[in-house]
Amino acid sequence: MSERAVLHVKGRILVGADEVRDELWVVGGRVSYDRPAGAREVTTVAGWALPGLVDAHCHVGLGPDGPVDKDVAEKQALTDREAGTLLIRDAGSPSDTRWTDDREDLPKIIRAGRHIARTRRYIRGYAHEIEPDDLVAYVAQEARRGDGWVKLVGDWIDRDLGDLSACWPREAVEAAIAEAHRQGARVTAHCFAESSLRDLVEAGIDCVEHATGLTDDLIPLFASRGVAIVPTLVNIATFPRLADGGESKYPRWSAHMRRLHERRYDTVRGAYDAGIPVYVGTDAGGSLAHGLVAGEVAELVTAGIPPVDALSATSWGARQWLGRPGLEEGAPADLVVYETDPRADVRVLASPRRVVLNGLVVE
């Protein structure tokens with residue numbers, strides 16, 4: 001179908017959690033709820049339609065050893081597209097993926113620049129590894145390179161301690177977050193453990209990735225500040241294997257990782273119940289496969305989040321949080337069509353009937 005062809009989507013259009021329409025039209029790649037005058041239908045798609053899914057923690061261009069070639073990055077993006085993920089917040093990548101912006105057949109990417117980590121306190125080849133005195137300068141640099149986000153590594157294993165610990169002094173993160181905000185960028189941070197969370201939130205951070213260290217005493221602080229979390233439960237599922245691998249050298253770290261894994265569902269449900277915004281992210285890239293968005297939504301439901309709210313965390317709510325449109329009049333026609341109602345069973349997300357990106361049926 002050509003870019004200017006008319007597409008008719010009919011059935012049940014899930015414009016929002018409580019707003020359902022019977023049909024929409026795609027004209028010139030954009031959504032319309034008015035039948036175009038004199039239109040000759042080229043393609044009709046029927047089913048249950050959602051806005052293109054969001055993976056709010058994904059790494060296009062990142063592999064186990066760092067940056068990957070363009071053809072590998074393309075395959076990653078296409079795998080996400082096949083799963084219905086049409087909007088990605090790339091939560092840190094050493095690769096320049098700006099070339100994808102010129103491809104109408106690839107998901108849209110909101111970039112957070114490259115990870116910023118403490119020296120020797122993250123996965124080799126992934127991040128800028130620096131010391132606290134340089135943190136503000138690197139945050140400013142990545143704020144200019146990104147699309148309104150900056151990614152810090154808030155904690156990682158301290159080999160001398162033998163366990164997870166915070167990477168940055170309080171005054172360093174306060175200055176860095178203030179600089180990002182001055183430049184109009186939001187800040188998020190990788191955090192597995194408990195130790196870095198209070199300083200980051202009180203310093204004004206906007207989001208925390210993983211957030212497995214969120215405890216009952218910290219939940220009210222997150223809720224009062226409106227700090228979002230992206231739990232990446234499909235990644236947290238790997239903690240027992242990681243713990244087994246580090247048992248002999250870092251037994252304290254291994255035991256800590258197992259505890260974080262064991263209470264993961266209670267952590268997420270506690271956050272949700274307190275009103276903390278929760279969004280879907282898979283942590284795809286690096287060592288984790290792309291295309292896992294349906295599995296992450298199912299994990300949120302397993303954790304106790306109601307299905308409609310879990311759907312919102314990857315569709316209506318997530319798009320609003322990231323400042324991108326859903327299925328509003330005139331918005332780019334990025335949508336996924338399913339056989340049955342995903343509100344009744346989120347597992348249907350694993351089997352898209354059709355994927356429409358920029359008005360083109362791509363799957």
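Before reading on, note that the structure itself is shown above.
Residues numbered from 1 in each chain as written. Predicted model: local features only at pLDDT ≥ 70, side-chain atom pairs only at ≥ 80, totals over all residues. Heavy atoms only, no water.

1. Considerations on the overall build of the chain
The helix and strand tally for the chain stands at twelve helices and 20 strands. Against the globule reference of 21 Å for 363 residues, the chain gives a C-alpha radius of gyration of 21 Å, in line with a compact fold. The dimensions of the chain, computed from C-alpha atoms along their principal axes, are 70 × 40 × 35 Å. Across the chain, the fraction of contacts at a sequence separation of at least 24, relative to all contacts at a separation of at least 6, is 65%. When the accessible surface of the chain is totalled, it reaches about 14500 Å², and 46% of it is carbon and sulfur. Distance between charge centroids for the chain: 2 Å, based on 43 positive and 56 negative side chains. (Helix = DSSP H or I, 4+ residues; strand = E, 2+ residues; numbered from the N terminus. Rg over C-alpha atoms; globule rule 2.2 N^0.38 Å. Contact = heavy atoms within 4.5 Å. Areas by Shrake-Rupley, 256 points an atom, 1.4 Å probe, with all protein chains shown as cover. Lys, Arg positive; Asp, Glu negative; His and termini not counted. Charge placed at Lys NZ, Arg CZ, Asp CG, Glu CD.)

2. Quick notes on the state of the cysteines
All told, the structure shown has zero disulfides when counted by the stated rule. Of all cysteine sulfurs in the structure, the one in C207 sits closest to C58, which takes part in no disulfide; the separation is 15 Å. The cysteine C191 is free of any disulfide, with C167 supplying the nearest cysteine sulfur at 8.5 Å. Using a relative accessible area of 0% as the deciding quantity, one classes C191 as buried. (Disulfide = S-S within 2.5 Å. Buried < 20%, exposed > 50% of the residue type's maximum accessible area, 1.4 Å probe, protein only.)

3. A closer look at the nonpolar core
Grouped together as the largest cluster of nonpolar side chains are 80 residues, with contacts concentrated most on L135, I205, F222 and L300. Ranked by residues supplied to this core, first place goes to helix α3 (residues 170-182) with five residues. When near neighbours in sequence (up to four residues on either side) are disregarded, L135 contacts I116, I130, L152, W168, A172, V173 and A176. Formed by 15 residues, the second largest nonpolar core is a distinct cluster that contains V9, Y33, A333 and L335. (Core = buried A, V, L, I, M, F, W, Y, C linked by side-chain atoms within 4.5 Å.)

4. Notes on α3
When the terminal C-alpha atoms of α3 are compared, their 18 Å separation across 13 residues agrees well with the 18 Å that a helix rising 1.5 Å per residue should span. Those residues of α3 that fall on the buried side of the exposure criterion are A172, V173, A176, I177, E179 and A180. One side of α3 carries all its buried residues, which in axial view fall inside an arc of 160°. Across from the buried face of α3, at angles greater than 90 degrees, the exposed residues are E171 and R182. The secondary structure elements touched by the buried residues of α3 are α2 (135-145), β12 (149-153), β15 (186-191) and α4 (197-202). (Expected span 1.5 Å × (residues − 1). Arc of directions from axis to C-beta.)

5. Here's the deal with the packing of aromatic side chains
Tallied over the full model, the rule gives six aromatic pairs. Between Y122 and W156, the aromatic rings sit 4.8 Å apart at their centres with planes inclined by 70°, giving edge-to-face as the arrangement. Within this pair, whereas Y122 is found in the loop between β10 (116-118) and β11 (128-130), its partner W156 is found in strand β13 (residues 155-158), the two being separated by 34 residues in sequence. Exposure class is identical for Y122 and W156. Each is buried. In textbook terms, an aromatic cluster arises when at least three aromatic residues are bridged by ring pairs, as seen for Y122, Y126, W156, F192 and F239. One residue, R21, lies across the ring of Y33, its end atom 4.1 Å from the ring centre. (Phe/Tyr/Trp six-rings, centres within 6.5 Å; stacked < 30°, edge-to-face > 60°. Lys NZ or Arg CZ within 6 Å of the ring centre and 35° of its normal.)

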